[in-house]
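Structure assessment
As a plain string of letters, each chain reads:
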Amino acid sequence: MTQEEKTKIEEDIIEVLKTVFDPEIPVDVWNLGMIYKIDVKEDRSVDVDMTFTAPNCPAADFILSDVRTKIESVKGIESVQVNLVFDPAWDKSMMSEEAQVELGFL
């Protein structure tokens, strides 16, 4: 896979992540800063590290499933592994400026 192909896949993944929402928050997981790592490998598998805004998120299963399903829909992806991590712990400083404005933090 060329660097251009890898970059395109990463950009496409980010775009689909912008369609995944925590049902309790009107901002997508990408702009909330919940995605810590996207690693597109040569075999076209993808490892994603993500977190939640709270460790006991009641929508955790739904969000994880939605992230996995939407990334799997990206052209060129063979498999997806979503890893739930809590280090570092999420805080509002991880949100994009757009998300902070939307939620009234700026």
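So, here's what we can say about the structure. (Residues numbered from 1 in each chain as written. Predicted model: local features only at pLDDT ≥ 70, side-chain atom pairs only at ≥ 80, totals over all residues. Heavy atoms only, no water.)

1. Here's the deal with the overall build of the protein chain
- Of the regular secondary structure elements, the protein chain holds three helices and three strands.
- For the protein chain, the α and β elements follow one another from N to C terminus as α-β-β-α-β-α.
- Its C-alpha atoms give the protein chain principal-axis dimensions of about 40 × 25 × 25 Å.
- Counting across all 106 residues of the protein chain, residues that qualify as buried make up 40%.
- Within the protein chain, counting contacts between residues at least 6 apart in sequence, those at least 24 apart form 62% of the total.
- Split by element, the accessible area of the protein chain, about 6000 Å² in all, is 50% carbon and sulfur. (Helix = DSSP H or I, 4+ residues; strand = E, 2+ residues; numbered from the N terminus. Buried < 20%, exposed > 50% of the residue type's maximum accessible area, 1.4 Å probe, protein only. Contact = heavy atoms within 4.5 Å. Areas by Shrake-Rupley, 256 points an atom, 1.4 Å probe, with all protein chains shown as cover.)

2. Some thoughts on the sheet that holds strand β1 (residues 35-40)
- Sheet architecture is open: three strands sit in the order β1-β2-β3, paired in mixed fashion. Strands at the two margins of the open sheet, each flanked by one partner only, are β1 and β3 (79-84). In this sheet, adjacent strand axes meet at a mean angle of 15° when their direction is disregarded.
- Judged from the five bridges that link them, β1 and strand β2 (residues 45-50) form a sheet pairing that is antiparallel. What sits directly across from Asp-39, in β2, is Asp-47.
- Relative to β1, helix α1 (residues 3-17) is tilted by about 145°, and along the sheet it contacts β1 and β2.
- Helix α2 (residues 60-72) contacts β2 and β3 of the sheet and is inclined by roughly 150° relative to β3. (Pairing = 2+ DSSP bridges. Axes fitted to C-alpha atoms, helices over the stretch in contact; angles between N-to-C directions.)

3. Things to note about the nonpolar core
- If you look at the biggest cluster of nonpolar residues, it comprises 32 residues, and the most contacted ones within it are Ile-13, Met-50, Ile-63, Val-67 and Ile-71.
- The set of elements that each furnish at least two residues to this core consists of α1, β1, β2, α2 and β3.
- In this view, Ile-13 contacts Ile-38, Val-40, Val-46, Ile-71, Val-74 and Ile-77; residues no more than four positions away in its chain are not counted. (Core = buried A, V, L, I, M, F, W, Y, C linked by side-chain atoms within 4.5 Å.)

4. As for α1
- When the terminal C-alpha atoms of α1 are compared, their 21 Å separation across 15 residues agrees well with the 21 Å that a helix rising 1.5 Å per residue should span.
- Listed in full, the buried residues belonging to α1 are Ile-9, Ile-13, Ile-14, Val-16 and Leu-17. The buried side chains of α1 occupy one side of the element, clustering within an arc of 165° when seen end-on.
- The secondary structure elements touched by the buried residues of α1 are β1, β2 and α2. (Expected span 1.5 Å × (residues − 1). Arc of directions from axis to C-beta.)

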